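Fold and geometry: a report
Below are the chains, spelled out letter by letter.
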Amino acid sequence: MEDTERRYPPISPLTTGLAGRCPRCGDGKLFSGFLTVAPRCEVCGLDYAFADSGDGPAVFVTLIAGFLVLGAALAVDLAYEPPLWVYIVFFGPLTIFVCLGMLRPLKGLLIASQYTNKAAPGRLEKP
Ligand SMILES: [Zn+2]
């Protein structure tokens, strides 16, 4: 695997991850579905078996979307004091769109960072 990695120049995980591209070549698709990681890159053949972002994307989405949407709701409340149905009709769907919109790019970013930093679960080595 190290021999094949030498042929590819290092690419920023920010650009490849946010775009949902292969972290090694930057051309192949990282996802085969909305959030389903493809088995391997169709361009360079990188096996995506290492990719396990776990709950990381959901945590970041929750924190960022909560900050944005709740901040906007508080600003609207302070400025206009609208009735309750405005929050339900406007901020409910806004929350869903913001969360779904950020989930895939953040998952791609975490997987690309995992590849770049060679992050893997800890394991015990035999002495
Ligand atoms: Zn690739």
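Numbering of residues starts from 1 in every chain and runs along the sequence as written. A pLDDT threshold of at least 70 governs which residues receive local features in this predicted model, and a stricter bar of 80 or more applies before side-chain atom pairs are shown or counted, although totals over entire chains, interfaces and linings include all residues. Excluding hydrogens and water, the side-chain figures rest on all heavy atoms present in the structure.

1. Side note on helix H4 (residues 84-116)
Counting along an α-helix, one turn takes 3.6 residues, and residues three or four places apart therefore face a common direction. Strands here mean DSSP runs of E at least two residues long; helices mean DSSP runs of H or I at least four residues long; both are numbered from the N terminus. Given a helix with a known number of residues, its expected span is that number minus one, times 1.5 Å. In this model H4 runs 46 Å from its N-terminal to its C-terminal C-alpha over 33 residues, within 8% of the 48 Å that 1.5 Å per residue would give. Leu-103 marks the point of greatest bend in H4, at about 30°, and the proline Pro-105 comes within the next four residues. Three exposure classes are used, based on accessible area relative to the maximum for each residue type with a 1.4 Å probe and protein chains only: buried under 20%, partly exposed in between, and exposed over 50%. The complete set of buried residues in H4 reads Tyr-87, Phe-91, Val-98, Met-102, Leu-106, Lys-107, Gly-108, Leu-109, Ile-111, Ala-112, Gln-114 and Tyr-115. Lys-118 occupies a position one or two residues after H4 and carries a positive phi of about 50°. Bend, in this description, refers to the angle at a residue between axes fitted to the seven residues ending there and the seven starting there.

2. As for the packing of aromatic side chains
For any pair of aromatic rings, geometry is given as the distance between the ring centres together with the angle between the planes. Between rings of Phe, Tyr and Trp, where Trp is taken as its six-membered ring, a pair exists when centres lie within 6.5 Å; planes separated by under 30 degrees are stacked, by over 60 edge-to-face, and by other angles tilted. Throughout the structure, instances matching the rule amount to three aromatic pairs. Centroid distance Tyr-87 to Phe-91: 5.9 Å. Interplanar angle 25°. Geometry classified as stacked. Of this pair, Tyr-87 and Phe-91 both sit in helix H4, four residues apart, which is roughly one turn of the helix. For Phe-91, a relative accessible area of 7% puts it in the buried group.

3. Some thoughts on the layout of surface pockets
Of the voids in this model, the second largest pocket is the one considered here, and its volume is about 180 Å³. Using only the protein atoms, space was sampled on a 1 Å grid; points where a 1.4 Å probe fits but cannot get out form cavities, open sets with protein on both sides within 12 Å along at least five of seven lines form pockets, and lining residues are those with an atom within 4 Å of a point. Residue lining of the second largest pocket: 10 residues in total, with Pro-10, Ile-11, Tyr-115, Thr-116 and Lys-118 positioned closest to the centre. Among the residues making up the lining of the second largest pocket, the classes are represented as six nonpolar, one polar and three charged. Grid points are joined across faces, edges and corners, and a volume is the space filled by probe spheres set on the points. Three classes are used, and their members are as follows: Ala, Val, Leu, Ile, Met, Phe, Trp, Tyr, Cys and Pro are nonpolar, Asp, Glu, Lys and Arg are charged, and the others, Gly among them, are polar.

4. Regarding the nonpolar core
Core analysis: the biggest nonpolar cluster contains 12 residues, these being Cys-22, Cys-25, Leu-30, Phe-31, Ala-38, Cys-41, Cys-44, Leu-46, Tyr-48, Ala-51, Ile-111 and Tyr-115. Residues in contact with Ile-111, not counting those within four places in the same chain, are Leu-30, Val-37, Phe-50, Ala-51 and Ser-53. Nine residue types can take part in a nonpolar core, namely buried Ala, Val, Leu, Ile, Met, Phe, Trp, Tyr and Cys, and a core is a set of them joined through side-chain atoms within 4.5 Å. Counting 10 residues, the second-largest nonpolar core is a separate cluster that includes Ala-65, Val-69, Met-102 and Leu-106. Contacts were defined at the residue level, with two residues in contact if any of their heavy atoms lie within 4.5 Å.

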